[in-house]
Amino acid sequence: MIFGRSERGKPPVEPVTLKILVAGGFGAGKTTLVGAVSEIKPLRTEELLTEAGRPVDDTSGVEGKNTTTVAMDFGRITLREDLVLYLFGTPGQDRFWFLWDELATGALGAVVLADTRRLEDSFAAVDYFERRSIPFLVGVNCFDGAARYPSQSVRAALDLDPSVPLVLCDARDRESVKEVLIGVVQHAMAYAADRRAAVTT
Ligand SMILES: Nc1nc2c(ncn2[C@@H]2O[C@H](COP(=O)(O)OP(=O)(O)O)[C@@H](O)[C@H]2O)c(=O)[nH]1
Ligand SMILES: [Mg+2]
């Protein structure tokens, strides 16, 4: 059967899909964050830390962590019916850095998760996104028992540009993570608008 133009049903709303990276040091909460919001069962490859991996995967200060993500975390969240985010967790260990450039292709922005007990573990991710001019936001994952520092001290320690948003979050909490993700999208939009303005003026 052939339908005329007027009989054709309204096209379904095609959501805009955006790609967001989730980076940060080993144990910063990337797998937890993706798992907390994803509508699809997170695709992840966790492996038990073996004795062989122990010298490489330093777990000091990361209580109760005996698995490590070998490949990556992947998840999806619908923020609005017309806005879907795909989340890609970057591998935390240095030996998987070769995957980052592939992952970063086409990313709108990134979240750098930071654990204030091991802040230096997030330096590499901050450097990476700065160097590639990928807009990012820092999410300070508030672990129980970790000292709380004023945002200004964390900013200073990470040497963040004043335009980079820094938010406190709980990677286990869906609403908290949603706020972080909305923050990244807003920041990336503002960043893109600034760049356009810089080009046209
Ligand atoms: N208390 C607390 N624990 C967390 C939080 N986020 C993650 N964890 C725990 O910290 C450990 C490391 O988190 P994980 O998501 O595996 O870190 P990843 O290596 O960055 O993927 C896990 O045992 C989590 O359950 C948080 O916001 N608060
Ligand atoms: Mg992980």
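In this report, we go over the structure that sits alongside the text. (Residues numbered from 1 in each chain as written. Chains lettered and ligands numbered in written order. Predicted model: local features only at pLDDT ≥ 70, side-chain atom pairs only at ≥ 80, totals over all residues. Heavy atoms only, no water.)

### Regarding the nonpolar core
Defined as follows: By nonpolar core we mean a set of buried residues, namely Ala, Val, Leu, Ile, Met, Phe, Trp, Tyr and Cys, connected to one another through side-chain atoms within 4.5 Å. Only protein chains enter the accessibility calculation, which uses a 1.4 Å probe; a residue whose area is less than 20% of its type maximum is buried, one above 50% is exposed, and one in between is partly exposed. The secondary structure listing takes helices from DSSP runs of H or I that are at least 4 residues long and strands from runs of E that are at least 2 residues long, numbered from the N terminus. Here a residue-residue contact requires only that any non-hydrogen atoms of the pair lie within 4.5 Å.
Of all hydrophobic cores here, the largest spans 25 residues; its most connected members are Leu-21, Val-112, Phe-129, Phe-136, Val-138 and Leu-160. Contributing elements (two or more residues each) for this core: β1 (16–24), α2 (100–104), β6 (109–114), α3 (123–131), β7 (136–141) and α4 (151–158). The element that contributes the greatest number of residues to this core is α3, accounting for four residues. If we skip the residues at most four places from it in the chain, Phe-129 touches Leu-21, Ala-23, Trp-100, Ala-110, Val-112, Ile-134 and Phe-136.

### A short note on the pairing of β7
Keep this limit in mind: Between any two strands, pairing holds if DSSP finds at least two bridges. Look down the strands so they point away from you; if the path from the first strand over the helix to the second goes clockwise, the crossover is right-handed.
Among the six residues that make up β7, six are buried, leaving the element largely enclosed by the rest of the structure. Bridging between β6 and β7 involves five bridges; their strand directions are parallel. Residue Val-111 lies in a different strand from β7, and its bridge partner there is Leu-137. With respect to chirality, the unit in which β6 leads through α3 into the neighbouring parallel β7 is right-handed. Across four bridges, β7 lies against strand β8 (residues 166–169) in parallel orientation. Residue Val-138 lies in a different strand from β8, and its bridge partner there is Leu-166. You can see the chain leave β7, run along α4 and come back into β8, and the turn it takes is right-handed.

### Considerations on empty space enclosed by the protein
Which entries qualify depends on this criterion: Space inside and on the surface of the protein is sampled on a 1 Å grid over the protein atoms alone, with a cavity defined as a set of points where a 1.4 Å probe fits but cannot get out and a pocket as an open set with protein on both sides within 12 Å along at least 5 of 7 lines; lining residues have an atom within 4 Å of a point. Grid points are joined across faces, edges and corners, and a volume is the space filled by probe spheres set on the points. Three classes are used: nonpolar for Ala, Val, Leu, Ile, Met, Phe, Trp, Tyr, Cys and Pro, charged for Asp, Glu, Lys and Arg, and polar for all others, with Gly counted as polar.
Under the criterion given, the structure shown has one cavity of 30 Å³ or more. In this model, the largest cavity occupies a volume close to 40 Å³. In terms of lining, the largest cavity is formed by Gly-25, Phe-26, Ala-28, Leu-113, Ala-114, Asp-115, Arg-118, Asp-121 and Ser-122. Of the residues contributing to the lining of the largest cavity, the split by class is four nonpolar, two polar and three charged.

### Looking at the site of ligand 1
Under the convention used in this document: The rule for a residue being near a molecule or strand is that one of its heavy atoms must lie within 4 Å of it. What qualifies as a polar contact is a pair of N or O atoms within 3.5 Å, subject to a donor-acceptor requirement within protein and to the restriction that residues adjacent in sequence count only when both atoms come from side chains. Exposure was quantified through the Shrake-Rupley algorithm and a 1.4 Å probe, taking into account, for residues, occlusion by the shown protein chains and nothing else.
Around ligand 1, a shell composed of 16 residues is seen, among which Gly-27, Lys-30, Thr-31, Thr-32 and Asn-141 lie nearest. At a separation of 2.9 Å, an oxygen atom of ligand 1 approaches a polar backbone atom of Gly-29. One of the side-chain nitrogen or oxygen atoms of Asp-170 is found 3.0 Å away from an oxygen atom of ligand 1. Here ligand 1 loses 82% of its free accessible area of 580 Å² to cover by the protein chains. For the shell around ligand 1, the element with the highest residue contribution is helix α1 (residues 30–37), accounting for three residues. Residues of the shell around ligand 1, tallied by class, amount to five nonpolar, six polar and five charged.

### Remarks on the pattern of salt bridges
Note the following rule: Salt bridges are defined by distance alone: a side-chain nitrogen of Lys or Arg within 4 Å of a carboxyl oxygen of Asp or Glu.
Taken as a whole, this structure holds seven salt bridges when the rule is applied. One salt bridge connects Glu-39 with Arg-76, and the closest N-O pair in it is separated by 3.1 Å. With Glu-39 in the loop between α1 and β2 (46–48) and Arg-76 in strand β4 (residues 73–80), this residue pair connects regions lying 37 residues apart in the sequence. Taking the relative accessible area as the measure of exposure, Glu-39 reaches 35% and is therefore partly exposed. The exposure class of Arg-76 is partly exposed, given its relative accessible area of 26%. Three or more residues are tied together by salt bridges with common partners; here these are Asp-144, Asp-170 and Arg-172.

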